[in-house]
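Listed below, chain by chain, are the residues.
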Amino acid sequence: MEYARSMLAELMGPLEQAQSKHFTDDDVCKNYLVAFCPNELFTNTKSDLGICTKLHLPRLKEAYDTAPASQTAPLGYESKFYEYLYQLVSDLDKRIKRGRERLDAKPDDSDEKVEKVIMLDERVKALLNQVEAFAEEGMWI
């Protein structure tokens, strides 16, 4: 019986802790409270921000939304959220710019490559003709 009680306490512990949380607690995701958590945006991409380690509880989001502005405005969650989003957009713009610069930096020497291929093809044909001529004359290389 004691084993069952300890298992129940272990399983229900996080739920009971989540029920006693307030939206100002440190382990609550402030971005989620304001609008959404950016960590959930780019999952499985090169820009993946990883898993958010903070709590995303709809109950706390609702409590934050219904709280009077006089209580939430001094916290500055909105301004921090928008600064973080601006930083993310800026970083992604820099990555895009670097990628485009790399693409533009590659020399477009496709004409040179085509000419080189044609020249090598002609040389191979000439050497094959020469080998055939030697074979007809009975000369083996």
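None of these values were measured; they are calculated from a predicted model.

About the cut-offs
- Residues numbered from 1 in each chain as written.
- Predicted model: local features only at pLDDT ≥ 70, side-chain atom pairs only at ≥ 80, totals over all residues.
- Heavy atoms only, no water.
- Helix = DSSP H or I, 4+ residues; strand = E, 2+ residues; numbered from the N terminus.
- Buried < 20%, exposed > 50% of the residue type's maximum accessible area, 1.4 Å probe, protein only.
- Polar contact = N/O pair within 3.5 Å; in protein donor to acceptor, adjacent residues only side chain to side chain.
- Contact = heavy atoms within 4.5 Å.
- Salt bridge = Lys/Arg side-chain N within 4 Å of Asp/Glu carboxyl O.
- pLDDT = per-residue confidence, 0-100.
- Core = buried A, V, L, I, M, F, W, Y, C linked by side-chain atoms within 4.5 Å.

## Section: the side chain of Asn 39
So, step 1. Inspection of the secondary structure assignment puts Asn 39 in the loop between helix H2 (30-34) and helix H3 (58-66).
So, step 2. Classification of Asn 39 by relative accessible area gives buried; the value is 14%.
So, step 3. A polar atom in the side chain of Asn 39 sits 3.3 Å from the backbone oxygen of Gly 50.
So, step 4. If we skip the residues at most four places from it in the chain, Asn 39 touches Asp 48, Leu 49, Gly 50, Ile 51, Cys 52 and Tyr 84.

## Re the pattern of salt bridges
So, step 1. Tallying each qualifying case throughout the model produces 2 salt bridges.
So, step 2. Between Asp 27 and Lys 21 there is a salt bridge, with its nearest N and O atoms 2.8 Å apart.
So, step 3. In this structure Asp 27 comes out as partly exposed when scored by relative accessible area, which is 33%.
So, step 4. Notably, a salt bridge pairs Asp 121 with Lys 125, separated by 3.7 Å at the nearest N-O pair.

## What to know about the confidence of the model for the protein
So, step 1. Looking at the protein as a whole, the pLDDT averages 84, with 86% of positions reaching at least 70.
So, step 2. The element-level mean pLDDT for the protein is lowest in helix H1 (residues 2-19), coming to 63, with H2 highest at 93.

## Considerations on unusual backbone geometry
Most peptide bonds take the trans configuration, and most residues that are not glycine carry a negative phi.
So, step 1. Residues other than glycine seldom take positive phi values, yet Asn 44 does so here, at roughly 60 degrees.
So, step 2. Mapped onto the elements, Asn 44 comes out in the loop between H2 and H3.
So, step 3. Taking relative accessible area as the criterion, Asn 44 reaches 76% and is therefore assigned exposed.

## Some thoughts on the nonpolar core
So, step 1. Among the nonpolar cores identified, the biggest contains 12 residues, and these are Phe 23, Val 28, Leu 33, Val 34, Leu 57, Leu 60, Tyr 64, Ala 67, Tyr 77, Phe 81, Leu 85 and Leu 88.
So, step 2. Those elements that place two or more of their residues in this core are H2, H3 and helix H5 (77-105).
So, step 3. With 4 residues, H5 is the largest single contributor of residues to this core.
So, step 4. Apart from the residues within four sequence positions on either side, Ala 67 is in contact with Phe 23 and Thr 72.

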